Amino acid sequence: MELIRSKKMAGRALLLAGAPGTGKTALALGISQELGPKVPFCPMVGSEVYSSEVKKTEILMEHFRRAIGLRIKESKEVYEGEVIELTPEETENPLGGYGRTISHVIIGLKTTKGTKQLRLDPSIYDAIQKEKISVGDVIYIEANSGAVKRVGRSDAFANEFDLEADEYVPVPKGDVHKKKEIVQDVTLHDLDVANARPQGGQDLMSVMGQLSKPKKTEITEKLRTEINRVVNRYIDQGIAELVPGVLFIDEVHMLDIECFTFLNRALESTLSPIVVFATNRGVCTIRGTDILSPHGVPVDLLDRMLIIRTMPYSLEEMIQIVSIRAETESIEVDDGALAAMGEIGARTSLRYAVQLLTPAKIIAETSGRTLITAGDVEEIGDLFFDAKASAKLLARSEGYLN
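This section reports on the structure supplied with the text. What you see is a predicted model; the values in this text were computed from it and never measured.

**Details of the overall build of the chain**
Link 1 in the chain: A tally of helices and strands in the chain yields 15 helices and 17 strands.
Link 2 in the chain: The proportion of buried residues among the 402 residues of the chain is 38%.
Link 3 in the chain: Put simply, the chain shows about 24000 Å² of open surface, and 53% of that area lies on carbon and sulfur atoms.

See below:
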């Protein structure tokens, strides 16, 4: 975690190897929660790369780009305040006829420091109508682009209604006209998609093309190189900051030799996230070849990884996990039932033990209780089979279940 936060882990890989139900995926989700929402976390499963529309390497590259964030800091001139006046000024239609057009709009903004009256272009009035802005709303208008954003309703109107769906915000401090530092978080994939999708014209065919279901298209290497060049220039100028995120690939043994060769190159790239792999395989063949390799991953890629082995949970840990899960699902379980479930988990698997919680609750409710006891767990144990017990039963039967 410290290596990821200090950005010294980028371009490296981590492999979580262990038996099923030892917490590999939970560990990866724990990493994402610990990093917080500002660091990109992109989970995927090895089998996701197989598509009839897009190349395997393209899907991998897309996930790589999703896991690299860019924090853009921009200084904008804005007019911010509570709307105290909103008057559209009309004029005669220059094209003749009886219609009238809006020549400009007068808007009054108030902050804690003062008020200002602005005369705005009619195109901004269209944006004001789209945002459904009325007197008493807190808004800000960007001076360069003319973009209008409604922040919320002024808290001076908080007692206007008993029940209100609107969000109340305080009146902005300082002057109406000010410079504001705006921080925007985007991923490299967002930039790729924004530049790859052509903007349609106003003709009928373009509009119909936009309405039809968009087919998944590949983003060219040339476009990505161009975006990387622009991103690097922004980083050098101090406008943007690169945030290497985490790409989590579960069931990595499902990837084939072409994907592994691509991963070797992608990990050496200058713009690369931290890659966390997970697998439950021992020595097996690499998909697409007859070569045996540890975890079904080529040895040259294994050399680049830090391998962490996940061990099976002890009985005490299983009891604790079942207890946490029961608390999350608001199920009351006594100590005897928890101990019985822990023993079932040790004998079978943790996943099976956790799945028994809901049926045990139904058995308890049938008996007129809300608390699950050891007797309920024993009854559920007789009703259901786990994978190992079912396999033994099948081994004893010849072709058909007896």
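**A look at the environment of V138**
Link 1 in the chain: Among the secondary structure elements, V138 is positioned in strand 6 (residues 137-142).
Link 2 in the chain: Separated by 33 residues in sequence, V138 and V171 place their C-alpha atoms 6.9 Å apart.
Link 3 in the chain: Apart from residues no more than four positions distant in its own chain, V138 is found in contact with G81, E82, K149, R150, V151, G152, S154, V169, P170 and P172.

**Regarding the side chain of H295**
Link 1 in the chain: One can find H295 in the loop between strand 14 (292-294) and helix 9 (299-302).
Link 2 in the chain: What H295 contacts, discounting residues up to four positions off in sequence, is L15, A17, H253, T279, R281, G282, V283, C284 and L302.

**Considering the packing of helix 3 (residues 56-66) against helix 7 (residues 221-237)**
Link 1 in the chain: In the contact formed by helix 3 and helix 7, the axes pass within 13 Å of each other and the chain directions differ by 15°. Classed by the angle they form, the pair helix 3 and helix 7 counts as roughly parallel. Regarding helix 3 and helix 7, the two cross each other, and that crossing is left-handed. Of the residues in helix 7, those in contact with E58, M61, E62 and R65 of helix 3 are R224, I227 and N228.
Link 2 in the chain: Classifying every residue of the contact of helix 3 with helix 7 by side-chain character gives two nonpolar, one polar and four charged.

**Topic: the pattern of salt bridges**
Link 1 in the chain: One pass over the structure, following the stated rule, counts 18 salt bridges.
Link 2 in the chain: In this structure, the salt-bridge partner of E226 is R229, at a minimum N-O distance of 2.8 Å. Placement of the pair is E226 and R229 together in helix 7, with a separation of three residues, close to one helical turn.
Link 3 in the chain: Given a relative accessible area of 48%, R229 falls into the partly exposed group.
Link 4 in the chain: For E329, the salt bridge identified is with R325, shortest N-O distance 2.7 Å.
Link 5 in the chain: Since its relative accessible area comes to 29%, E329 is described here as partly exposed.
Link 6 in the chain: Connected through salt bridges with shared partners, the residues E58, R65, D192 and R224 form a single ionic network.

**What about the sheet that holds strand 2 (residues 41-45)?**
Link 1 in the chain: Pairing is parallel in the open sheet, where five strands are placed in the order 2-11-12-1-15. The strands lining the two open edges of the sheet, one partner per strand, are strand 2 and strand 15 (305-310). Geometrically, the sheet is characterised by an average inter-axis angle of 20° between neighbouring strands, direction not taken into account.
Link 2 in the chain: The sheet contacts of helix 3 involve strand 2, strand 11 (246-250) and strand 12 (274-279), and relative to strand 2 the element is tilted by about 155°.

**Focus on the packing of helix 3 against helix 5 (residues 188-196)**
Relative orientation and spacing of two packed helices are given, respectively, by the angle between their axes and the distance between those axes.
Link 1 in the chain: Contact pair helix 3 / helix 5: the axes reach a minimum separation of 6 Å and the direction vectors enclose 120°. One element, helix 3, and the other, helix 5, form an angle in the oblique class. Contacts between helix 3 and helix 5 pair E62, R65 and R66 from the former with L188, H189 and D192 from the latter.
Link 2 in the chain: A breakdown of the residues in the contact of helix 3 with helix 5 according to their chemical character gives one nonpolar, one polar and four charged.

**Points about helix 11 (residues 335-347)**
Link 1 in the chain: Between its terminal C-alpha atoms helix 11 stretches 18 Å, which fits the 18 Å expected from 13 residues at 1.5 Å a residue.
Link 2 in the chain: Every buried residue of helix 11 is listed here: A337, L338, A340, M341, G342, I344 and G345.

**Comments concerning the pairing of strand 4 (residues 100-110)**
Link 1 in the chain: Bridge count between strand 3 (residues 68-92) and strand 4: 10 bridges; the pairing is antiparallel. Note on strand 4: the bridge partner recorded for T87 is I106.
Link 2 in the chain: Where strand 4 hands over to strand 5 (residues 115-120), the hairpin turn is made up of four residues, counted between the paired strands.

**Details of the side chain of E80**
Link 1 in the chain: For E80, the position within the fold is in strand 3.
Link 2 in the chain: Among the polar contacts made by the side chain of E80, one reaches the side chain of K178 at a distance of 3.2 Å.
Link 3 in the chain: In this structure, E80 is in contact with L109, T111, I139, Y140, P172, V176, K178 and K180, ignoring residues within four places of it in sequence.

About the thresholds
Residues numbered from 1 in each chain as written. Predicted model: local features only at pLDDT ≥ 70, side-chain atom pairs only at ≥ 80, totals over all residues. Heavy atoms only, no water. Helix = DSSP H or I, 4+ residues; strand = E, 2+ residues; numbered from the N terminus. Buried < 20%, exposed > 50% of the residue type's maximum accessible area, 1.4 Å probe, protein only. Areas by Shrake-Rupley, 256 points an atom, 1.4 Å probe, with all protein chains shown as cover. Contact = heavy atoms within 4.5 Å. Axes fitted to C-alpha atoms, helices over the stretch in contact; angles between N-to-C directions. Parallel < 35°, antiparallel > 145°, perpendicular 65-115°, else oblique. Left-handed = near helix turned anticlockwise from the far one by under 90°. Nonpolar A, V, L, I, M, F, W, Y, C, P; charged D, E, K, R; others polar. Salt bridge = Lys/Arg side-chain N within 4 Å of Asp/Glu carboxyl O. Pairing = 2+ DSSP bridges. Expected span 1.5 Å × (residues − 1). Polar contact = N/O pair within 3.5 Å; in protein donor to acceptor, adjacent residues only side chain to side chain.

The values reported here are purely geometric and, on their own, carry no functional implication.
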